[in-house]
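Now for the letters of each chain:
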There are 2 protein chains.
Amino acid sequence: MSVTAPQGFEAAGVVAGLKSTGKPDVAVVVNRGPLKVGAAVFTSNRAKANPILWSEQAVKDGVVEAIVLNSGGANCFTGSFGFQTTHQTAEKAGELLDVSSGDILICSTGLIGTGDEVFRAKVLDGTEKAIAALTADGGEDASLAIMTTDSRPKRTVVQGDGWSIGAMAKGAGMLAPGLATMLVVITTDAVLTSAQADAHLRAATRVSFDRLDSDGCMSTNDQVTLMVSGASGITPDPAGFGAALREVCTNLATQLQGDAEGASHDITIEVTGAASEEDAVAVGRSVARNNLFKAAIFGNDPNWGRVLAAIGTTDAAFDPYDVDVSMNGVRVCTRGGPDRPREEVDLAPRATHVGIDLRVGDAHATIWTNDLTHDYVHENSAYSS
Amino acid sequence: MSVTAPQGFEAAGVVAGLKSTGKPDVAVVVNRGPLKVGAAVFTSNRAKANPILWSEQAVKDGVVEAIVLNSGGANCFTGSFGFQTTHQTAEKAGELLDVSSGDILICSTGLIGTGDEVFRAKVLDGTEKAIAALTADGGEDASLAIMTTDSRPKRTVVQGDGWSIGAMAKGAGMLAPGLATMLVVITTDAVLTSAQADAHLRAATRVSFDRLDSDGCMSTNDQVTLMVSGASGITPDPAGFGAALREVCTNLATQLQGDAEGASHDITIEVTGAASEEDAVAVGRSVARNNLFKAAIFGNDPNWGRVLAAIGTTDAAFDPYDVDVSMNGVRVCTRGGPDRPREEVDLAPRATHVGIDLRVGDAHATIWTNDLTHDYVHENSAYSS
């Protein structure tokens, strides 16, 4: 059910001809209210696609009536023509839904540089077709229409106390040809103000999507949107809603990691004993982005020297000669020196755990990443975009 | 001739049994004076190997009598035993050369974690053997003894006006198994004070080795040492000496790039039109470290969208929609939009040029990197360390 699990939402996914495969490629999710609250977070890349430039403005008033998403073209670096395409898409959706175009968000994903006249015509047609096909159980269709190189759709639903949260996502771990954008739409029938929606969304994404760092490459089109219908009539306990939203976001982030193209290991890097959460994140990210470490994991090599060399490049508070490193539960390094024999570490399973204890404080953070494989290189070099 | 080209230096390279191949693995370079000036720059990684910890202290007084280098073991994360090994090596060399051990620098390269009793015995024996073998034309032997995964030795000599600079380097583009350390020894018979030597060395490395970023991974053992004998008796024109030293360092950096393991392209990223040199370096480095860009170059794909997406992650001053990008002389992107057809770009040659014009100022910088290939993944995953 994904985004149509909560009350007050309709969705659809249709074939607009943007994908050469003939698979669905335009999705629409509409909020039927009574509330029309929305919040969104966007890529922090300064090179932003046209839909991002549009949606950043459209969400500012905290009102979102609907979101139109297309795969088969990123509409990024397509100039003012591309921006007009996004604008026209919002106008078309607003007209058909009888709402202001300024309350329509747009997301696009696919190859950078795609956004010509043909693209525009297909997106506009697809938007019309999808709006005509809206149903209260269209969440599944919508989740299929936003897929690009994903091997499977990503959906999740969490039940609250009389309210629920539904969500869909696309993205192949930021690993796909042409920059695999992460698009996420989350819906809820809980009653929230736009300020609450925004605060909840930022809190949840900060510890979920922001900590997924598959290959250190940031897309131009990433967008995570929360739409609030309030149709349950229930104002949730803030802590309970926050935990549920975090669960939704973490679940989807894990699904994205598990579908990372070319990856053979899903690596969880858990940093403990840090002086601050920022330090823990910086340390985890430095390891997640270290190609030598990532290649070692691909080779089932518990190379803790590469972990220490990676964290040595950060400004975090720690003494390199007082750090512990474990891999899949085996402490291979203690206080900067060898501990258990490397032969004890079994890196054959896809799920890989790397523990780093900085031994200076109580703060901690977890970063999720993938290994660096032949398939990663192949898929990002062989398929020219 | 490498390090023994300038007057006043002797060198040797011998087999100590550290390498399983039986190839030379211990080198010594001695300064016979009359000056015994030295300067060195070290890895900025906070996880520093024992020889780095030692040499940082030993060079502080600006006096360097000799340098002992070994391949076949990094002596990093080997605890206090490893530090004692470094200390004993300096003591042994000082005793045999009849100088203070505090004026002996030590460099090690090889696998992290290597540094047990056997390692220590072989290094000490090798040091004795090398000192017994010192000759005024031993530069070539020394350059062979510091190789690890290098496919060829790296040497260069530049003639000044009555003085000369000689140098040797090892390193496979920071790409090798177990972190390919970059070790460089530069000698000159020009007359310089230790302050001048230090200033010249920092100025030259800043625009040469510091701008080589093969895979973003920083070794625990990197060291670049300048030894000054003053044997020519000639005090060089500072600008002339600076230019010659820059030439030596750039030449060696290019040799390191060209020998990067697994690489199929040597990529020169030239950033122009920047507001500051720092901005130009940050922009160049963000592209050099972007795996999607590096994989695209491997696939001969002039994917300028990945260049823009990479530079969009920096804080440099520019407007993403006013940037030009060229590849091998063909401007594929102008002002953030498509320009010449991608088919015009020929990425078949190993030498690859990427031009980025930020269009905001006059500052510029060049960063050298390599592509991300199957062989890179293979060599950094298949050979467990």
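Cut-offs applied
- Residues numbered from 1 in each chain as written.
- Chains lettered and ligands numbered in written order.
- Predicted model: local features only at pLDDT ≥ 70, side-chain atom pairs only at ≥ 80, totals over all residues.
- Helix = DSSP H or I, 4+ residues; strand = E, 2+ residues; numbered from the N terminus.
- Rg over C-alpha atoms; globule rule 2.2 N^0.38 Å.
- Buried ≥ 20, exposed ≤ 12 C-beta atoms within 10 Å, placed from the backbone.
- Domains from an automatic or database assignment.
- Contact = placed C-beta atoms within 7 Å.
- Nonpolar A, V, L, I, M, F, W, Y, C, P; charged D, E, K, R; others polar.
- Pairing = 2+ DSSP bridges.
- Core = buried A, V, L, I, M, F, W, Y, C linked by C-beta atoms within 7 Å.
- Least-squares fit on C-alpha atoms with pLDDT ≥ 70 in both.
- Axes fitted to C-alpha atoms, helices over the stretch in contact; angles between N-to-C directions.

**With respect to the overall build of chain A**
Here is step 1 of the chain: The secondary structure content of chain A amounts to 10 helices and 15 strands.
Here is step 2 of the chain: What you see for chain A is a C-alpha radius of gyration of 21 Å, in line with the 21 Å of a compact globule of 385 residues.
Here is step 3 of the chain: Viewed in the frame of its principal axes, chain A has a C-alpha envelope of about 65 × 50 × 30 Å.
Here is step 4 of the chain: Here chain A holds 385 residues, and the buried ones make up 64% of them.

**Focus: the domain arrangement of chain A**
Residue and element names in this part refer to chain A.
Here is step 1 of the chain: Entries for chain A in the domain assignment read domain 1 (2-258) and domain 2 (266-381).
Here is step 2 of the chain: Listed as interface residues are 11 residues of domain 1 and, on the opposing side, 13 residues of domain 2.
Here is step 3 of the chain: By residue class, the composition of the side of domain 1 that touches domain 2 is four nonpolar, five polar and two charged.

**A look at helix 9 (residues 304-311) of chain A**
Residue and element names in this part refer to chain A.
Here is step 1 of the chain: Extensive coverage of helix 9 is indicated by the burial of eight of its eight residues.
Here is step 2 of the chain: Taken residue by residue, helix 9 has Trp 304, Gly 305, Arg 306, Val 307, Leu 308, Ala 309, Ala 310 and Ile 311 as its buried positions.
Here is step 3 of the chain: Residues of helix 9 that are buried make contact with helix 7 (277-288), helix 8 (291-298), strand 11 (324-327), strand 12 (330-334) and strand 14 (351-357).

**Side note on the pairing of strand 4 (residues 66-70) of chain A**
Residue and element names in this part refer to chain A.
Here is step 1 of the chain: In terms of burial, strand 4 is largely enclosed, as five of its five residues are buried.
Here is step 2 of the chain: Side chains Ala 66, Val 68 and Asn 70 of strand 4 all project onto a buried face; the interleaved residues Ile 67 and Leu 69 project onto the opposite face, where all are buried too.
Here is step 3 of the chain: The pairing of strand 2 (residues 26-31) with strand 4 spans five bridges and is antiparallel. Bridge pairing in strand 4 places Ala 27 opposite Leu 69.
Here is step 4 of the chain: Here five bridges tie strand 4 to strand 5 (residues 104-108), and the two strands are oriented parallel to one another. Along strand 5, the bridge assignment pairs Val 68 with Ile 106.

**Quick look at the nonpolar core**
Here is step 1 of the chain: Core analysis: the biggest nonpolar cluster contains 244 residues, and Ala 27, Val 28 and Val 29 of chain A together with Ala 27, Val 28 and Val 29 of chain B have the highest contact counts within it.
Here is step 2 of the chain: Every residue in contact with Val 29 of chain B, bar those within four places of it in the chain, is listed here: Val 3, Phe 9, Ala 11, Ala 66, Ile 67, Ala 142, Val 185, Thr 187 and Met 227 of chain B.

**Points about the relation of the copies chain B and chain A**
Here is step 1 of the chain: With an axial shift of 0.0 Å and an RMSD of 0.0 Å, the rotation relating chain B to chain A amounts to 180°. Both copies of the chain, as the preceding transformation shows, are related through a two-fold rotation axis. Scanning chain B for the C-alpha nearest the rotation axis identifies His 374 of chain B, at a separation of 2.7 Å.
Here is step 2 of the chain: Comparing contact sets, 95% of the residues at the interface of chain B also lie at the interface in chain A, consistent with an isologous, same-surface contact.

**A few points about the sheet that holds strand 4 of chain A**
All names here are of chain A.
Here is step 1 of the chain: Spatially, four strands are ordered 1-2-4-5 in an open sheet, and the strand pairing comes out mixed. On the outer flanks of this sheet lie strand 1 (9-14) and strand 5, each paired with one strand and no other. Adjacent strand axes in the sheet meet at a mean angle of 10° when their direction is disregarded.
Here is step 2 of the chain: Pairing between strand 1 and strand 2: six bridges, direction antiparallel.

**A short note on the environment of Asn 45 of chain A**
Here is step 1 of the chain: Mapped onto the fold, Asn 45 of chain A is located in the loop between strand 3 (37-42) and helix 1 (50-58).
Here is step 2 of the chain: A C-alpha to C-alpha distance of 8.9 Å links Asn 45 of chain A and Asp 222 of chain A, two positions 177 residues apart in sequence.
Here is step 3 of the chain: In this view, Asn 45 of chain A contacts Met 218, Ser 219 and Thr 220 of chain A together with Ala 309, Gly 312 and Thr 313 of chain B; residues no more than four positions away in its chain are not counted.

**Concerning the interface of chain B and chain A**
Here is step 1 of the chain: Listed by partner, the interface residues are 44 residues for chain B and 42 residues for chain A.
Here is step 2 of the chain: A per-element tally of the side of chain B that touches chain A places helix 8 (residues 291-298) of chain B first, with five residues.
Here is step 3 of the chain: Among the residues forming the side of chain B that touches chain A, the class breakdown is 18 nonpolar, 22 polar and four charged.

**Considerations on the sheet that holds strand 2 (residues 26-31) of chain B**
All names here are of chain B.
Here is step 1 of the chain: What the four strands build is an open sheet, ordered 1-2-4-5; its pairing is mixed. The open sheet has two edge strands, strand 1 (9-14) and strand 5 (104-108), and neither has a second partner. The average undirected angle you get between the axes of adjacent strands in this sheet is 10°.
Here is step 2 of the chain: Relative to the sheet, helix 3 (residues 117-132) contacts strand 1, strand 2 and strand 4 (66-70), its axis offset from that of strand 2 by approximately 50°.

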